[in-house]
Amino acid sequence: MKLQNVRGTQDILPEDQKYWDFVFNVIDKSSEINGFEKINTPIIEYLDLFEKGTGENTEVVSKQMFEVSRFGNEKDDDKRIQILRPEITPGIVRSYINHNMQDWLKPIQLYSVGPCFRYEKPQAGRYRQFWQCDFESFGNEDPATDARMISMAWSLFKDLRIRNIELEINTIGCKKCRPQINDFLKSYFSKKKAILCKDCQARLATNPIRILDCKKVNCQKAAKGLPPFTKQVCDKCQDHFQQVIDYLKDAKVNFKVSNNLVRGLDYYTRTIFEISLKSDKNRQTTLLGGGRYDNLIETYGEKPTPAIGCALGIERVVSVLKKQKIKIDISEKTQVFVAQLGEEAKRKAMTILEILKTEGISARAALSKNTLKSQLKLANKLKSDYAIIIGQREILDGTVIIRSMKEGTQEVVEQETFVNKLQEKL
Ligand code: HAM
C-alpha cells in the first residue's frame, strides 16, 4: 500500500501554521469590528439543499459533488443523499431557517470558517478540499449594505497587506429583469454558437448567463464584444447599482465595473463582486467572491428575505501572503480607531478609514455599532493609541475629534489636516 494523501488535498505543516493563524486573526478582528457573529454548520449536508440553492445545473452541483457513502449500516433509513458541502452559504441559510432567525432582530450578520469540498481537476490554487471564510448578512435590502459588505472584503485584503489586487463589481439584475437579460444574451451568443464549447451551446438554451463564466478560450473570445448587459437590467436594479457605486466611491474603495462579470452559482441577484490578483487576468484563481441573493430564502419556501454575502479561499490567500513575502505579525495593534455617530458620519468614517489605511496607518472602525460608548470600549480592547470621533456636529463644522486613548484628552481639528496631526502624534 502506498501511503499518500487524497488527490487535491494537502497537509498544512507547522511552518505554515503562522500564515493560517494570521489569516484567522484578521478575519476574527474584522468580523468583530463589522458586527458579524460566528456560526458553525456541519460539513455534511443533504444534496437537495445545494440542488435547490446553488443550482442543480451549476458545475459545482452537477460535476463537483463528493457524495458520502455509508458502509454497512442497514438500519440507517435516511435515504436522502448526503454530500460534503462545496460551499458554506446554503448551510448557513438552512440554519437560519431551522432556527427561526426570521424572527430575530435584523440585520443578522454571520460568519463561518471551515473546509469545503469540490471534485475539481487539481492544479495550483484549485483543490478538492479547501477552506473558506464565509460572511453572510440577512435582512437588509439597502444598497449601503452591499457597499459595506464589499468594502469590508476590500479592507480584509488591506489588513492582510496583500498587494496588486483588483475588485470587480457588476449587477446581474433581479427575478423580473432576468428574462430580458437572457433574451439579450441568447440573441448575442446565437450568432457565435459555432465557436462555443458543447456545454455552452447547451447553456445557450437553458442559462445563457453562465456562458460568461466559462473558462474555455473560445467561449471567452465569443464574449469579448458583448455590449454591457448592465443596460438591460430594470430601472430599480440600475438605481440600486448606481447607489452601490456612489457609496463605494464615498468610501474610497478602488473598484472596477466589469460588464462581463457573472458568478458560477445560481442564487445571485443584483450586485456581484470578486477580488483577484491583477496578474490573474482570466480570474482563474479568484481570492474572494460574493453577491446579493435576495431570492434564495424564498426558494426554500420561506418568507422572502434580502441577503448578501461573500467567501474567500484561505489556501489561495496564504499562497499570496507567501509569494508577496508579507511579514506576519499576529500581535499587530490598531493605531487609530474611527468612531462615528449618525448615518452621515458613518459614511464619512468609511472615507477616513480608507485615507488612514492608504497613509499606512493601521486603522479600524465598527460601523455596525451605534453608541459611542461601545465603540470606544472596542477601541480600548484593540489597544488603539488614538480614536477619531465624528458626529453630526463635526460633519457640519468640517472637523473631527482626535482623542488620545491613553490620556483621555481630546482635540478638535479640521478634516483637511487630521492626517498630518495624527502622523505628528504617532
Ligand atoms: P465561490 O466563488 O464559489 O463562492 O468561492 C469563494 C472562494 O472560495 C473563491 O473565490 C476561492 O477563493 C475559494 N475556492 C473556491 N473553489 C476552490 C477550490 N477548488 N480550491 C481552492 N479555493 C477555492 C462561494 O462559494 C459563495 N458561497 C460565496 C458567497 C457567500 N456568496 C454569497 N455568500
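Quick caveat, the model's predicted, so the values are computed rather than measured.

Description of the overall build of the protein chain
Piece 1. The number of helices and strands found in the protein chain is 15 helices and 16 strands.
Piece 2. Its C-alpha atoms give the protein chain a radius of gyration of 23 Å, within 12% of the compact-globule value 22 Å for 426 residues.
Piece 3. Over its C-alpha atoms, taken along the principal directions, the protein chain stretches across nearly 65 × 55 × 45 Å.
Piece 4. Relative to its 426 residues, the protein chain shows a buried fraction of 54%.

Observations regarding the packing of helix 5 (residues 143–159) against helix 12 (residues 343–358)
Piece 1. Contact pair helix 5 / helix 12: the axes reach a minimum separation of 12 Å and the direction vectors enclose 20°. With respect to helix 12, the axis of helix 5 lies roughly parallel. The handedness of the crossing between helix 5 and helix 12 comes out as left-handed. Contacts between helix 5 and helix 12 involve A147, R148, S151, W154, S155, K158 and D159 from the former and E343, K346, M350, E354, K357 and T358 from the latter.

Observations concerning the state of the cysteines
Piece 1. Counting across every chain of the model gives zero disulfides.
Piece 2. Looking at the unpaired C116, the closest cysteine sulfur is the one in C133, lying at 11 Å.
Piece 3. For C116, a relative accessible area of 0% gives the class buried.
Piece 4. Considering cysteine sulfurs only, C174 is the nearest to C237, which forms no disulfide, with 3.6 Å between them.

A word on the pattern of salt bridges
Piece 1. Counting across every chain of the model gives 22 salt bridges.
Piece 2. Among the salt bridges present, the one from E59 reaches R203, with a minimum N-O distance of 3.1 Å. Taken as a pair, E59 in helix 3 (residues 59–63) and R203 in helix 7 (residues 198–206) lie far apart in primary sequence, 144 residues in all.
Piece 3. For E59, a relative accessible area of 32% gives the class partly exposed.
Piece 4. Put simply, D250 and R347 hold a salt bridge, and the shortest N to O gap is 2.4 Å. One end of the pair, D250, is in helix 9 (residues 235–250); the other, R347, is in helix 12, with 97 residues separating them in the sequence.
Piece 5. Exposure remark for D250: the relative accessible area of 30% places this residue in the partly exposed category.
Piece 6. Taking the relative accessible area as the measure of exposure, R347 reaches 33% and is therefore partly exposed.
Piece 7. Overlapping salt bridges bring together E59, K63, D199 and R203 as one network.

Section: the domain arrangement of the protein chain
Interface size is commonly expressed as the accessible surface area that is lost when the partners come together.
Piece 1. Partitioning the protein chain into domains gives domain 1 (14–177 + 233–323) and domain 2 (336–425).
Piece 2. Contacts between the two partners involve 18 residues from domain 1, matched on the other side by 17 residues from domain 2.
Piece 3. Of the roughly 1,600 Å² buried between domain 1 and domain 2, counting both surfaces, carbon and sulfur atoms make up 50%.
Piece 4. Of all residues in domain 1, E32, I33 and R148 bury the most surface against domain 2, accounting for 37% of the area lost on that side.
Piece 5. Counting across the interface, domain 1 meets domain 2 through five salt bridges.
Piece 6. Across the contact surface, domain 1 and domain 2 share five residue pairs in polar contact (both at pLDDT 80 or more).
Piece 7. Those elements that place two or more of their residues in the side of domain 1 that touches domain 2 are helix 1 (17–33), helix 5 and helix 9.
Piece 8. Sorting elements by how many residues they give to the side of domain 1 that touches domain 2 places helix 5 first, with seven residues.
Piece 9. Here the residues of the side of domain 1 that touches domain 2 are counted per class, giving five nonpolar, six polar and seven charged.

A word on the site of the ligand
Piece 1. As a structural note, the neighbourhood of the ligand is formed by 27 residues, with E87, T89, E120, Y268 and T286 the closest of them.
Piece 2. Take R118: an N or O atom from its side chain is 2.9 Å from an oxygen atom of the ligand.
Piece 3. A distance of 2.8 Å is found between an oxygen atom of the ligand and a backbone nitrogen or oxygen belonging to T286.
Piece 4. Listed by contribution, the elements that provide at least two residues to the shell around the ligand are strand 6 (129–138), strand 10 (288–292) and strand 11 (307–313).

Concerning the packing of helix 2 (residues 47–55) against helix 4 (residues 89–98)
Piece 1. At a closest axis distance of 10 Å, the pairing of helix 2 and helix 4 adopts a crossing angle of 110°. Taken as axis vectors, helix 2 and helix 4 run roughly perpendicular relative to one another. Touching L49, F50 and T54 of helix 2 are P90, G91 and R94, all from helix 4.
Piece 2. Classifying every residue of the contact of helix 2 with helix 4 by side-chain character gives three nonpolar, two polar and one charged.

Points about helix 6 (residues 178–190)
Piece 1. For helix 6, with 13 residues, the first-to-last C-alpha span of 18 Å sits near the 18 Å given by 1.5 Å per residue.
Piece 2. Buried residues of helix 6: R178, I181, N182, F184, L185, Y188 and F189, and no others. Seen from one end, helix 6 has its buried residues packed into an arc of 160°, which puts them on one side.
Piece 3. Where helix 6 is buried, its residues touch helix 7, helix 8 (217–223) and strand 9 (269–277).

Points about the side chain of Q324
Piece 1. By the secondary structure assignment, Q324 is in the loop between helix 11 (314–323) and strand 12 (336–340).
Piece 2. Setting aside residues up to four positions removed in sequence, Q324 forms contacts with R161, I162, R163 and L277.

Cut-offs and rules
- Residues numbered from 1 in each chain as written.
- Predicted model: local features only at pLDDT ≥ 70, side-chain atom pairs only at ≥ 80, totals over all residues.
- Heavy atoms only, no water.
- Helix = DSSP H or I, 4+ residues; strand = E, 2+ residues; numbered from the N terminus.
- Rg over C-alpha atoms; globule rule 2.2 N^0.38 Å.
- Buried < 20%, exposed > 50% of the residue type's maximum accessible area, 1.4 Å probe, protein only.
- Axes fitted to C-alpha atoms, helices over the stretch in contact; angles between N-to-C directions.
- Parallel < 35°, antiparallel > 145°, perpendicular 65-115°, else oblique.
- Left-handed = near helix turned anticlockwise from the far one by under 90°.
- Contact = heavy atoms within 4.5 Å.
- Disulfide = S-S within 2.5 Å.
- Salt bridge = Lys/Arg side-chain N within 4 Å of Asp/Glu carboxyl O.
- Domains from an automatic or database assignment.
- Buried area = accessible area lost by both parts, 1.4 Å probe.
- Polar contact = N/O pair within 3.5 Å; in protein donor to acceptor, adjacent residues only side chain to side chain.
- Nonpolar A, V, L, I, M, F, W, Y, C, P; charged D, E, K, R; others polar.
- Near = heavy atom within 4 Å.
- Expected span 1.5 Å × (residues − 1).
- Arc of directions from axis to C-beta.

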